[in-house]
Amino acid sequence: MDFNNINLEMVTEFFINKIHIKEIGIALCIFLILNFLRKIVVKKIYKHLMKFASKTKTDADDKLFRSFEKPINILLIIANICFAMFYFLHDTTSAETITDLLTYKLTTKVLKTAVIYCTTWGFYNVTKEKSVMFDNLKERLGIKVDKILYPFVVKCLRVLLIVVAVLIILDIWTIDISGLVAGLGLGGLAFSLAAKDFASNIIGGIALILEKPFNIGDWISADSIEGVVEDISFRSTIIRTFSQEMVIVPNSILANASITNYAKRGKRRISFNLGVTYDTPREKMKLCIEQTERMLKEHSGIHQETIFVSFNEFSSSSLDIFLYFFTTTTNLEEHLKIKEDINFKLMKIFEDNGVSFAFPSTSVYIENTGDSSKEIYTDKTIKQVAVDKE
């Protein structure tokens, strides 16, 4: 019999004529027994493997065993089903050719497909974040893996694994790949137009990885978008804003945008004017400035290269002291803590010297001209003030 000419009707007739309750029961018992043994054996084997892995210096082997635990279990279940089917199909003598076909063609293809699928699944788990492959490289070879390069390489490996697995499975089932390629060629123009943006985003992603204007976790600003970089993929970059919105920016747009990376700063600026009242004596003013500058130079959280404290100007309602310095951290939370500590220290310095801080105010001087009333204009209001005539 020509195996290539076997059709659905012949297979259906075979099963209708040859299926018996006894053979079904025995095949089911074989599956249940093998599945019971699988649970016991796999559980014991993995228990010993994990116990052995826990004694090693690295946790790479622990992650490797965990990555393949579920795929191996699924593979053994499929294998048990195939073995049960193997017995069931071989309990026929009058349809040997069909039995051979189903056993060596169908069952073998299913087993091969299961092996490829489960192996790919296991290696796919290995390429997950903090995978054993990169952890082992970092531990054994001392290789520093870039935060932005790491997820991109992982995604490339995953795509490669899937593509290779699909091609192998198609070959197992003797599916003509050239026919698929020819079919794609018919719609090549439409496909190329649709893939134009995708290709430009991939090129943009590669440009971002090579130039490295930012890393995962950096605080950046690009055009009107500001936030922390969470992830970068083939097509886009995910930015989490400070109000917790998730913004997905295409790589092609981000690669052409002006990017400000605040995390690349070695320090963070603090600059403001501190106003004191006009009745502050000159000696106390100089003393407060000297003590403030000394306090900043002795503070562990202040960058010592650039510290400016000076009497800046006579403003409309205060004598302004200009302060300009940098914190040693770029982390927002730590920066605010240092700034708060500086503010409290400034309050103590000025309180100890009896100097008061100024606040916006307007002084009104009334000249007695003999009129019974006079309009007085302030910054924001007009008041009618009665003046007694002397």
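Residues numbered from 1 in each chain as written. Predicted model: local features only at pLDDT ≥ 70, side-chain atom pairs only at ≥ 80, totals over all residues. Heavy atoms only, no water.

*Asks:* Before we go on, may I ask you to explain the side chain of His299 in this structure?
*Replies:* Inspection of the secondary structure assignment puts His299 in the loop between helix H10 (282-298) and strand E7 (302-314). For His299, a relative accessible area of 13% translates into the label buried. Each residue touching His299, except ones within four places of it in the same chain, is listed here: Gln304, Ile338, Asp341, Ile342 and Lys345. (Helix = DSSP H or I, 4+ residues; strand = E, 2+ residues; numbered from the N terminus. Buried < 20%, exposed > 50% of the residue type's maximum accessible area, 1.4 Å probe, protein only. Contact = heavy atoms within 4.5 Å.)

*Asks:* Sorry, what's going on with the sheet that holds strand E8 (residues 319-327) here?
*Replies:* Each strand in a sheet pairs with another by means of backbone hydrogen bonds, the pair being arranged parallel or else antiparallel. Strands sit in the order E6-E8-E7 across an open sheet of three strands; the sheet is antiparallel. In the strand order of this sheet, the two ends are held by strand E6 (268-276) and E7, each with one partner. Taking the axes of each pair of neighbouring strands and ignoring which way they run, one obtains an average angle of 15° across the sheet. Here E7 pairs with E8 via nine bridges, running antiparallel. (Pairing = 2+ DSSP bridges. Axes fitted to C-alpha atoms, helices over the stretch in contact; angles between N-to-C directions.)

*Asks:* Please clarify how the sheet that holds strand E5 (residues 259-261) should be interpreted in this entry.
*Replies:* Taken together, five strands build an open sheet; the order of strands is E4-E3-E2-E1-E5 and the sheet is antiparallel. Edge positions in the open sheet fall to strand E4 (246-250) and E5, since each of these has one partner strand only. Neighbour to neighbour, the strand axes of the sheet diverge by 40° on average, direction disregarded. Pairing of strand E3 (residues 236-240) with E4 involves five bridges; the strand directions are antiparallel. Residue pairing for E4: Thr237 is matched across the bridge by Val249.

*Asks:* Whenever I open this one, the pattern of salt bridges confuses me. Can you help?
*Replies:* Any two side chains of opposite charge can pair, given that their charged atoms come close. On inspection of all chains with the given rule, the structure shows six salt bridges. In this structure, the salt-bridge partner of Glu230 is Arg240, at a minimum N-O distance of 2.9 Å. One end of the pair, Glu230, is in strand E2 (residues 225-232); the other, Arg240, is in strand E3, and ten residues separate them in sequence. A salt bridge links Lys345 to Asp341, with the shortest nitrogen-to-oxygen separation between them at 3.5 Å. You can see Lys345 and its partner Asp341 sitting in helix H11 (residues 332-352), four residues apart, about one turn around the helix. Of the residues examined, Asp341 reaches a relative accessible area of 28% and is grouped as partly exposed. (Salt bridge = Lys/Arg side-chain N within 4 Å of Asp/Glu carboxyl O.)

*Asks:* Explain the nonpolar core here, please?
*Replies:* Grouped together as the largest cluster of nonpolar side chains are 21 residues, with contacts concentrated most on Leu296, Ile302, Ile321, Leu323, Phe325, Ile342 and Phe350. If you list the elements that add at least two residues to this core, you get E6, H10, E7, E8 and H11. In contact with Ile321, other than residues within four places in its own chain, are Phe272, Asn273, Leu274, Met285, Ile289, Val309, Ser310, Phe311, Asn312 and Phe350. Judged by nonpolar contacts, the second largest core, of eleven residues, contains Leu208, Ala222, Ile239 and Ala257. (Core = buried A, V, L, I, M, F, W, Y, C linked by side-chain atoms within 4.5 Å.)

*Asks:* How should the environment of Leu296 be read in this particular structure?
*Replies:* With respect to the helices, strands and loops of the structure, Leu296 is situated in helix H10. Sequence separation between Leu296 and Phe325 is 29 residues; the distance between their C-alpha atoms is 8.3 Å. Filtering out sequence-adjacent residues up to four positions away, Leu296 remains in contact with Ile302, Gln304, Ile307, Val309, Leu323, Phe325 and Ile342.

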